[in-house]
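Analysis of the macromolecular model
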Amino acid sequence: MGTMTTSYDIAVLPGDGIGVEVTDAALALLRALEPRMGRKLVCTLHPAGAQHFVDTGHALPDSTLAACRQADAILFGAMGLPHVRGADGTEVIPQLDIRFALDLYAGVRPIRTWPGLPVPLSNPRAADIDLVLVRESTEGLFYARGRGRIEGEGDAACAFDTMKITQRGTSRVCDFAFQLARQRKAQGRRGHVTNVDKANVFMSMAFWRRVFEERARAFPEITTEHAYVDAMALNLVMRPWQYDVLVTENMFGDILSDLIAALVGGMGMAPSADIGDAHALFQPAHGTAPDIAGKGIANPSAMLLSVAMMLDWLAVRHADAALADGARAIERALQEAFAAGAVRPYDFGGKSGTADIVAAVVERL
């Protein structure tokens, strides 16, 4: 019987700064992984980003967005440069445009401790950190992007940005978090969802909490709790190992996702996914790091783990277990490379450059 060869189209947007370098790392990894999985990942590069905006006046060309719509998945490096700003004074951030255009409502940020890499927390239980933050990504305070207004002048001037929380938007992201907790429970984890809000102060957040409670009833096997975002910031530093899945509003999620990355040593180990019903984009959670761009020292781990997340998502979507096997192979190879002390990234006090880490992972595949 002939072997099944399935091909997937991946739209690749390297972007700016170290986005280009970690994207190269991801493509090298995929090339090494293809024969092992018996699958072809056809990766096509497309322009977007702050530098492209400087060069052409377009941060996200229509052709690139169209390619994202057509592709089976989107792999994204990093975009934005601090000095490149639009007329309203805000940075050029094409990833937000893609998020809204493709309705990628669930921002998924998994974080775990890696044996062999140091962590900032002294408590030995920090070795057990393994949680996922799910951030609603299409409304909340980010709804105000491009809609803010300034009234009055001088001392009377006021700026307004409006937070928008909807029944539909909250329901679907809560359902996503519960389904994720259900999958994690099947893998031997807790199956627990913590809702993070500010329901003691804002009507919009009390509304959010009510919707969360409604959706929780559809998942009786998943345990739940509520936490105010300020208390959560404290607890994530004091005892992050007690959490499984967190779900929260867009702005809170933006802030807490950086905090949880710090718990395991920084953004270099923080993959992420922006997932909708029809499309999904995978990217390292870090920025473009212009200060180290071009030096070959960027830690590609977050990008390699984002590739694993992409393979997992495609595996479920296309009922193709070979892709999930590929995702596990990436995670195992990275873990073995760190645990054996074969490589240590610069952001963890080591001397392993981008190419060294990719080589160590490919060797262990």
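Our subject in this report is the structure included herewith.

**Observations concerning the overall build of the protein**
The helix and strand tally for the protein stands at 11 helices and 12 strands. If you line up the protein on its principal axes, its C-alpha atoms span 65 × 50 × 45 Å. Across the 365 residues of the protein, 51% fall into the buried class. For the protein, the share of sequence-separated contacts (at least 6 apart) that also reach a separation of at least 24 residues comes to 76%. When the accessible surface of the protein is split by element, carbon and sulfur atoms take 54% of a total near 15,900 Å².

**Digging into the environment of Met-238**
Among the secondary structure elements, Met-238 is positioned in helix α7 (residues 229–238). Considered as a pair, Met-238 and Gly-116 are 122 residues apart in the sequence and their alpha carbons are 22 Å apart.

**Describing the packing of helix α1 (residues 18–37) against helix α11 (residues 354–364)**
Where α1 contacts α11, the two axes come as close as 10 Å, and the packing angle between them is 15°. As judged from the angle between their axes, α1 and α11 are roughly parallel. The crossing of α1 and α11 is right-handed. Counting all contacts with α1, which are made through Glu-21, Ala-25, Ala-28, Leu-29 and Ala-32, the residues of α11 involved are Thr-354, Val-358, Val-361 and Val-362. The class makeup of the residues in the contact of α1 with α11 is seven nonpolar, one polar and one charged.

**Overview of the side chain of Thr-23**
With respect to the helices, strands and loops of the structure, Thr-23 is situated in helix α1. What Thr-23 contacts, discounting residues up to four positions off in sequence, is Val-12, Pro-14, Gly-77 and Met-303.

**Some points on the environment of Ala-360**
Inspection of the secondary structure puts Ala-360 in helix α11. Classification of Ala-360 by relative accessible area gives buried; the value is 5%. As a C-alpha pair, Ala-360 and Ala-337 span 23 residues in sequence and 6.1 Å in three-dimensional space. If we skip the residues at most four places from it in the chain, Ala-360 touches Ala-337 and Val-343.

**Concerning the sheet that holds strand β8 (residues 192–197)**
Strand order in the open sheet made by the 10 strands is β2-β1-β3-β12-β11-β4-β5-β10-β8-β9, with mixed pairing throughout. The open sheet has two free edges, formed respectively by β2 (39–45) and β9 (223–228), since each of these has just one partner strand. Within this sheet the neighbouring strands show an average axis-to-axis angle of 25°, counted without direction. Two elements, strand β4 (residues 106–112) and strand β11 (residues 271–275), share three bridges in a ladder whose sense is antiparallel. In the strand pairing of β11, Ala-106 is matched with Ile-275. On the sheet, helix α5 (residues 167–186) packs against β4, β5 (130–136), β8, β9, β10 (245–248) and β11 and is oriented at approximately 165° with respect to β5. Sitting on the sheet, helix α9 (residues 301–317) touches β1 (6–15), β2, β3 (73–78), β4, β11 and β12 (280–284), and the angle it makes with β12 is about 160°.

**Describing the pairing of β1**
Regular strands place side chains that alternate from one sheet face to the opposite one. Within β1, seven of the 10 residues are buried, which leaves it mostly tucked inside the rest of the structure. Handedness of the crossover is the feature at issue here: the chain leaves β1, passes through α1, returns alongside β2, and the resulting connection is right-handed. As judged from the five bridges shared by β1 and β3, these two strands associate in the parallel manner. Among the inter-strand pairings, Leu-13 is bridged to a residue of β3, identified as Phe-76.

**Some words on unusual backbone geometry**
With a phi angle near 55°, Asp-103 is a residue other than glycine that sits in the positive phi range. Relative to the elements of secondary structure, Asp-103 occurs in the loop between α4 (94–101) and β4. Even without being a glycine, Ala-319 presents a positive backbone phi close to 45°. If you trace the backbone, Ala-319 turns up in the loop between α9 and α10 (321–339).

Definitions and limits used
Residues numbered from 1 in each chain as written. Predicted model: local features only at pLDDT ≥ 70, side-chain atom pairs only at ≥ 80, totals over all residues. Heavy atoms only, no water. Helix = DSSP H or I, 4+ residues; strand = E, 2+ residues; numbered from the N terminus. Buried < 20%, exposed > 50% of the residue type's maximum accessible area, 1.4 Å probe, protein only. Contact = heavy atoms within 4.5 Å. Areas by Shrake-Rupley, 256 points an atom, 1.4 Å probe, with all protein chains shown as cover. Axes fitted to C-alpha atoms, helices over the stretch in contact; angles between N-to-C directions. Parallel < 35°, antiparallel > 145°, perpendicular 65-115°, else oblique. Left-handed = near helix turned anticlockwise from the far one by under 90°. Nonpolar A, V, L, I, M, F, W, Y, C, P; charged D, E, K, R; others polar. Pairing = 2+ DSSP bridges. Right-handed = clockwise from strand over helix to strand, strands pointing away.

So far we have only geometry, and geometry alone does not tell us how the molecule works.
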